[in-house]
Amino acid sequence: MLTAWLRRITPDTARERARCTACPLSVCRRGIRAAVLRMDCEGCEAERLRNLGLFEGACVRVLESQDGLLLDVRGSRVAVGAALASVITVLPLGS
């Protein structure tokens, strides 16, 4: 009986993994690590982000997510506005 109860309240890891699909960076919560898949922003914005270390394949961690995002990118903090974060596609990697 205890085992059946635990199964109901414990998330199925296979289902959790299935939900981890590509999404906009703007929907990632605080503490989430993610790999950048694509940046669909204008050339000058993309170039600026790449110079700051945010490029396709980079791993980022969301430090804060209020009115935009504060990211940890390779040991540096990078602030990204909500509009820009919405056009950056990432793959969430977990906490």
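A few points on the structure. Just so it is clear, the structure is predicted and the values come from calculations on it, not from any experiment. Along each chain, numbering runs from 1 in the same order as the chain's sequence is written. Reporting of local features is limited, given that this is a predicted model, to residues whose pLDDT is at least 70; pairs of side-chain atoms are given and counted only at 80 or more, and all residues count toward the totals for whole chains, interfaces and linings. Values reported for side chains reflect all heavy atoms of the structure, with hydrogen atoms and water molecules removed beforehand.

Description of the state of the cysteines
Here a disulfide denotes a covalent bond joining the sulfur atom of one cysteine to the sulfur atom of another. We call a pair of cysteine sulfur atoms a disulfide whenever their separation is within 2.5 Å. For the coordinates displayed, the defined rule picks out zero disulfides. The cysteine Cys-41 is free of any disulfide, with Cys-44 supplying the nearest cysteine sulfur at 8.3 Å.

Looking at unusual backbone geometry
Of note, Asp-67 is a non-glycine position whose phi angle comes to about 50 degrees, a positive value. Working definition: helices are DSSP H or I runs of at least four residues, strands are E runs of at least two. Numbering for both runs from the N terminus. Among the secondary structure elements, Asp-67 is positioned in the loop between strand S3 (59–64) and strand S4 (69–73). In this scheme, a residue with accessible area under 20% of its type's maximum is buried, one over 50% is exposed, and one in between is partly exposed, where area comes from a 1.4 Å probe on protein chains only. Take Asp-67: its relative accessible area is 84%, and that puts it in the exposed class. The phi angle at Arg-74 is positive, at roughly 50 degrees, despite the residue not being glycine. Along the chain, the position of Arg-74 falls in the loop between S4 and strand S5 (76–80). Note on Arg-74: relative accessible area 67%, which makes it exposed.

Overview of the pattern of salt bridges
Two side chains bearing opposite charge may form a pair once their charged atoms approach each other closely. When a carboxyl oxygen of Asp or Glu is within 4 Å of a side-chain nitrogen of Lys or Arg, the pair counts as a salt bridge. Evaluated as defined, the whole model comprises three salt bridges. For Arg-30, the salt bridge is made with Glu-64, and the minimal N-O distance between the two is 3.6 Å. Of this pair, Arg-30 sits in the loop between strand S1 (23–24) and strand S2 (33–39) while Glu-64 sits in strand S3, and the two are 34 residues apart along the sequence. Since its relative accessible area comes to 59%, Arg-30 is described here as exposed. By relative accessible area, Glu-64 is classed as partly exposed at 30%. Where Asp-40 meets Arg-38, a salt bridge forms, and the shortest distance between an N and an O atom there is 2.9 Å. Residue class for Asp-40 comes out partly exposed when judged on its relative accessible area of 46%. Given the relative accessible area of 43%, Arg-38 is considered partly exposed.

Any functional reading would require information beyond the geometric quantities listed.
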